[in-house]
Amino acid sequence: MTAHPNTAEFEALHARFAARAAGGLKAQAAALPHDISERLRVARERALTHARQHQLRATTTGSVVVARSSGGAAVLGGPSPWWLKLASGFPLAVLLIGLVVITQWNNREQVLAAAEIDMQLLSDELPPKAYSDPGFAEFLRAPPQ
């Protein structure tokens, strides 16, 4: 298991890296031709304006903005359309309908099983009272002669 640096050490290391990277970029930026440095400046201004607009939009709607690595943003907590609300209730409705169908099927199977037993009992030559007689139960347990 590797040891993680504490937060202060990590921030110090991060600040040193940022300072070195910024210094290197500034040194290389002085050697760039004027037209390239102007294009970079305009692109930086556009990016800042775009970021400010997204930040303003997120704060006015009360939404949470989560940045993605692809450069876009996913907005959570905004107003959801009616079909999304309807679709979120669909699995619950299917579950409830399934439970009702399973209960009905189970009840039907129990009724059919009881009807089958009753039909065999009533169509037998023996009267139903014979099955409750202890002597008859003993007769059934005895091996055939």
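Residues numbered from 1 in each chain as written. Predicted model: local features only at pLDDT ≥ 70, side-chain atom pairs only at ≥ 80, totals over all residues. Heavy atoms only, no water.

1. Thoughts on the overall build of the chain
Okay, step 1: Counting its regular elements, the chain contains 5 helices and 2 strands.
Okay, step 2: For the chain, the N- to C-terminal ordering of α and β elements is α-α-β-β-α-α-α.
Okay, step 3: The burial tally for the chain puts 3% of its 145 residues in the buried class. (Helix = DSSP H or I, 4+ residues; strand = E, 2+ residues; numbered from the N terminus. Buried < 20%, exposed > 50% of the residue type's maximum accessible area, 1.4 Å probe, protein only.)

2. A closer look at the pattern of salt bridges
Okay, step 1: Taken as a whole and assessed by the stated rule, the structure comprises 4 salt bridges.
Okay, step 2: Arg-41 is the salt-bridge partner of Glu-45, the closest N and O atoms lying 2.7 Å from each other. Of the two residues, Glu-45 and Arg-41 both sit in helix α2 (residues 34–61), 4 residues apart, roughly one turn of that helix.
Okay, step 3: For Glu-45, a relative accessible area of 40% gives the class partly exposed.
Okay, step 4: The salt bridge involving Glu-138 is made with Arg-141; its shortest N-O contact spans 3.2 Å. (Salt bridge = Lys/Arg side-chain N within 4 Å of Asp/Glu carboxyl O.)

3. Description of helix α1 (residues 7–30)
Okay, step 1: The end-to-end C-alpha distance of α1 is 35 Å, a good match for the 34 Å that 24 residues give at a rise of 1.5 Å each.
Okay, step 2: Along α1, only 0 of the 24 residues are buried, which leaves the element largely exposed. (Expected span 1.5 Å × (residues − 1).)

4. Structural notes on a nonpolar patch on the surface
Okay, step 1: Taken together, the side chains of Trp-82, Trp-83, Leu-84 and Leu-86 define a hydrophobic patch exposed on the protein surface, amounting to about 530 Å² of accessible area.
Okay, step 2: With respect to the element layout, Trp-83 can be found in helix α3 (residues 82–123). (Patch = residues over 30% accessible without salt bridge, like charges linked within 9 Å, V, L, I, M, F, W, Y side chains within 5 Å. Areas by Shrake-Rupley, 256 points an atom, 1.4 Å probe, with all protein chains shown as cover.)

5. So, the environment of Ser-88
Okay, step 1: Along the polypeptide, Ser-88 turns up in helix α3.
Okay, step 2: Judged by its relative accessible area of 55%, Ser-88 falls in the exposed class.
Okay, step 3: A polar contact is formed between the side chain of Ser-88 and the backbone oxygen of Lys-85, at a distance of 2.7 Å. (Polar contact = N/O pair within 3.5 Å; in protein donor to acceptor, adjacent residues only side chain to side chain.)

6. Topic: the confidence of the model for the chain
Okay, step 1: Mean pLDDT over the chain: 81, with 83% of residues reaching 70 or higher.
Okay, step 2: Looking at the elements of the chain, mean pLDDT is at its lowest for strand β1 (residues 64–67), recorded as 51, and at its highest for α3, recorded as 92. (pLDDT = per-residue confidence, 0-100.)

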